[in-house]
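Chain by chain, the residues run as shown.
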Amino acid sequence: MKLLSLFFFAVFCVAVAKHMFWSFRAQNPKNYAQTNPAFSLKQHLSGDILSEGIIFGPNGKMTNSFVANMHGAWDGNSGTLSENFTYSNGTKQTRKWYLRLGENGAFTATADDIFGEAQGQVSGSTVKMQYRIVLPEQAGGQTLDVTDWLYLTENGTIMNKSELRKFGLKVAELNATMRQTAKESN
């Protein structure tokens, strides 16, 4: 019995270590501080943006896909990002983010379906943002913890990966691309 308990304890420790040191959630903005091209919220989230993505459920299977037309606008250190989603199941959704730039790459954001305030950090070619989202009733109405990472590529495409969790367990994952469709001068 002692050997079995020791075995389960070792498995538990390996699982915790994997989660803390070798997973998506283990990333830190400092890991990307020296990466290029440099991500600028004002530059890369301005004008018209086309986003296409896939949503995976807790079992890893695709549950939905979407196309979103976005528009970003800035006035000094305050900006908005309007999002109009059309999902493959026919559902439509809109969201308008209100962004506020802080110091040293920090920023905050709010939206109608966000509980409280999102906290973000720009670092090198990446952006990390964490927040709590309230899903629409037709999607279950749950409040989920979200970790978003945006990765800027050399050609200006932004790759987005998000994990959505409930009680610490991953319940969904989103992968998307974002591309500016028209350049706007700032």
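Visitor: Before we go on, may I ask you to explain the pairing of strand 7 (residues 126-134) in this structure?
Guide: As a general feature of sheets, a regular strand has side chains that alternate between the two faces. Two elements, strand 6 (residues 114-123) and strand 7, share 7 bridges in a ladder whose sense is antiparallel. In the strand pairing of strand 7, Val122 is matched with Val127. Where strand 7 and strand 8 (residues 143-152) come together, 9 bridges link them in antiparallel fashion. Its bridge partner lying in strand 8, Thr126 is registered against Tyr151.

Visitor: I would appreciate a short explanation of the packing of aromatic side chains in the present structure.
Guide: Pairs of aromatic rings are described using the distance from one ring centre to the other and the angle between the two planes. Applying the stated criterion to the full structure yields 7 aromatic pairs. With a centroid separation of 6.0 Å and an interplanar angle of 75°, the aromatic rings of Tyr32 and Tyr151 are classed as edge-to-face. Placement of the pair is Tyr32 in the loop between helix 1 (2-21) and helix 2 (41-44) and Tyr151 in strand 8, with a sequence separation of 119 residues. Assessed through its relative accessible area of 22%, Tyr151 is described here as partly exposed. Arranged with centres 5.4 Å apart and planes meeting at 70°, the rings of Phe66 and Phe85 form a pair that is edge-to-face. Separated by 19 residues along the polypeptide, Phe66 in strand 2 (residues 62-75) and Phe85 in strand 3 (residues 78-87) bring together distant segments of the chain. Note that Lys166 overlies the ring of Phe167, its terminal NZ or CZ placed 5.0 Å from the centroid.

Visitor: Hey, could you run me through the pattern of salt bridges in this one?
Guide: Close approach of charged atoms allows side chains with opposite charge to pair. In the structure shown here, the tally under the stated rule is 8 salt bridges. As a salt-bridge pair, Asp113 and Arg95 come within 2.8 Å of each other at their nearest N and O atoms. Taken together, the residues span a long stretch of sequence, with Asp113 in the loop between strand 5 (106-110) and strand 6 and Arg95 in strand 4 (residues 92-101) at a distance of 18 residues. There is no split in this pair, since Asp113 and Arg95 are both buried. Where salt bridges share partners, they join Lys161, Glu163, Arg165, Lys170 and Glu173 into one cluster.

Criteria and cut-off values
Residues numbered from 1 in each chain as written. Predicted model: local features only at pLDDT ≥ 70, side-chain atom pairs only at ≥ 80, totals over all residues. Heavy atoms only, no water. Pairing = 2+ DSSP bridges. Helix = DSSP H or I, 4+ residues; strand = E, 2+ residues; numbered from the N terminus. Phe/Tyr/Trp six-rings, centres within 6.5 Å; stacked < 30°, edge-to-face > 60°. Buried < 20%, exposed > 50% of the residue type's maximum accessible area, 1.4 Å probe, protein only. Lys NZ or Arg CZ within 6 Å of the ring centre and 35° of its normal. Salt bridge = Lys/Arg side-chain N within 4 Å of Asp/Glu carboxyl O.

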